[in-house]
Amino acid sequence: MSGLFLTFEGIDGAGKSTHIDALAGAFRAAGRTVTLTREPGGTPLAEKLRALALNEPMDALTEALVMFAARRDHLLQVIEPAIARGNVVLCDRFTDATFAYQGGGRGFDREVLQQLERWVQSVPAIRLPGLRQPDLTVWFDLAPSVAAQRLAGARVPDKFESQPQEFFARVAEGYAQRLRADPRRFLRVDADQPREGVWQAVERGVRARGLL
Ligand SMILES: Nc1ncnc2c1ncn2[C@@H]1O[C@H](COP(=O)(O)OP(=O)(O)OP(=O)(O)O)[C@@H](O)[C@H]1O
Ligand SMILES: Cc1cn([C@H]2C[C@H](O)[C@@H](COP(=O)(O)O)O2)c(=O)[nH]c1=O
């Protein structure tokens, strides 16, 4: 069976986590081997970079470079080998997050991000000029005010979770721009509904594309 690469996106607190696990269960029940991973992170080096990115103050270019450095290691060490083995890779965040958070939230230059995307996602398994991109990106779309209510008191906020709602409004617009640029890759899910409704939308969307 061919490998699959699915990514999950949304502002902090949009509710991705539960559904990634549930989807992993559905793929396993269908006989697939699943690789569950996340960004920034997923390798020992990328997890060290994650700790820096989520906790240390840095300028927007430095932040973008750290995200893409972690991504390059993760792609080469984990994602590409798993896809080559025929696994289903379920990755909590990927490059859309960089366009949304560093591009939208921080206002960083999207052309620089596009160049970094081209460098980092050019991999030997894919003939140029193609790039490694997800087969499907599930975007959990939720208003920043609702996400903030869900996160209130849930955990100690990191550098991003401490940002004001206006930051997350820009992040959400960053996701919307990525969807407009490549609508076939995205499944937009209305995350402002009970968990069961969100799950049904995720499962239906994945099945409708013939991936499950
Ligand atoms: N549909 C829902 N309705 C109400 N609360 C929810 C729903 N889905 C998740 N939650 C709650 O909202 C909080 C954030 O959810 P979760 O951690 O899954 O979000 P996330 O998108 O993975 O966040 P992050 O990206 O910041 O890790 C949790 O306390 C979770 O229990
Ligand atoms: C990949 C990526 C992530 N971020 C931000 C988004 C979140 O605030 C954190 C990751 O935390 P999570 O609880 O695991 O979702 O990092 C970012 O700013 N840029 C990126 O490329």
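Residues numbered from 1 in each chain as written. Chains lettered and ligands numbered in written order. Predicted model: local features only at pLDDT ≥ 70, side-chain atom pairs only at ≥ 80, totals over all residues. Heavy atoms only, no water.

Engineer: A description of the packing of helix α6 (residues 144–151) against helix α7 (residues 165–181) should follow, citing residues and the corresponding values.
Structural biologist: For any two helices packed against each other, one specifies the crossing angle of their axes together with the interaxial distance. Axis separation between α6 and α7 bottoms out at 9 Å; the angle between their running directions is 125°. When the axis of α6 is compared with that of α7, the two are oblique. For α6 against α7, the interelement crossing comes out right-handed. Packed against α6, whose contacting residues are Pro 144, Ser 145 and Ala 148, the element α7 presents Gln 165, Phe 168 and Ala 169 at the interface. Its residues assigned to classes, the contact of α6 with α7 comprises 4 nonpolar, 2 polar and no charged. (Axes fitted to C-alpha atoms, helices over the stretch in contact; angles between N-to-C directions. Helix = DSSP H or I, 4+ residues; strand = E, 2+ residues; numbered from the N terminus. Parallel < 35°, antiparallel > 145°, perpendicular 65-115°, else oblique. Left-handed = near helix turned anticlockwise from the far one by under 90°. Contact = heavy atoms within 4.5 Å. Nonpolar A, V, L, I, M, F, W, Y, C, P; charged D, E, K, R; others polar.)

Engineer: Give a detailed account of the site of ligand 1, specifying residues and quantitative values.
Structural biologist: Within the structure, ligand 1 sits among 13 residues, and Gly 15, Lys 16, Ser 17, Arg 155 and Arg 195 are positioned closest to it. Contact distances for ligand 1 include 3.3 Å between an oxygen atom and a backbone N or O atom of Ala 14. Within the backbone of Gln 193, an N or O atom sits 2.9 Å from a nitrogen atom of ligand 1. For ligand 1, the accessible surface in isolation is 630 Å², of which the surrounding protein chains cover 77%. Of the residues contributing to the shell around ligand 1, the split by class is 2 nonpolar, 4 polar and 7 charged. (Near = heavy atom within 4 Å. Polar contact = N/O pair within 3.5 Å; in protein donor to acceptor, adjacent residues only side chain to side chain. Areas by Shrake-Rupley, 256 points an atom, 1.4 Å probe, with all protein chains shown as cover.)

Engineer: So, the site of ligand 2: which residues are in play, and what are the values?
Structural biologist: Around ligand 2 sit 14 residues, and of these Asp 12, Arg 50, Arg 93, Thr 98 and Gln 102 come closest. Within the contact set of ligand 2, an oxygen atom lies 2.9 Å away from a side-chain nitrogen or oxygen of Arg 50. Between ligand 2 and the protein, one listed contact pairs an oxygen atom with a side-chain N or O atom of Thr 98 at 2.6 Å. Considered on its own, ligand 2 offers 490 Å² of accessible surface; in the complex 94% of this is hidden by protein. Put simply, the parts of the chain that give the shell around ligand 2 at least two residues each are α2 (44–55), α3 (60–84) and α4 (95–105). Among the elements that take part in the shell around ligand 2, α4 stands out by supplying 4 residues, more than any other. Residues of the shell around ligand 2, tallied by class, amount to 6 nonpolar, 2 polar and 6 charged.

Engineer: Report on the packing of aromatic side chains, specifying residues and quantitative values.
Structural biologist: The description of two aromatic rings rests on the distance between their centres and on the angle between their planes. Counted by the stated rule, this structure contains 6 aromatic pairs. A ring pair is formed by Phe 5 and Phe 94, whose centres lie 5.0 Å apart and whose planes are at 85°; its orientation type is edge-to-face. Of this pair, Phe 5 sits in strand β1 (residues 4–9) while Phe 94 sits in the loop between β3 (88–92) and α4, and the two are 89 residues apart along the sequence. Taking relative accessible area as the criterion, Phe 5 reaches 0% and is therefore assigned buried. On the basis of relative accessible area, Phe 94 is assigned to the buried category, the value being 1%. Taking 6.0 Å as the distance between ring centres and 35° as the angle between the ring planes, the aromatic pair formed by Trp 139 and Tyr 175 counts as tilted. Within this pair, whereas Trp 139 is found in strand β4 (residues 136–141), its partner Tyr 175 is found in helix α7, the two being separated by 36 residues in sequence. Look at Trp 139 and you get buried, because its relative accessible area is 5%. Using a relative accessible area of 0% as the deciding quantity, one classes Tyr 175 as buried. (Phe/Tyr/Trp six-rings, centres within 6.5 Å; stacked < 30°, edge-to-face > 60°. Buried < 20%, exposed > 50% of the residue type's maximum accessible area, 1.4 Å probe, protein only.)

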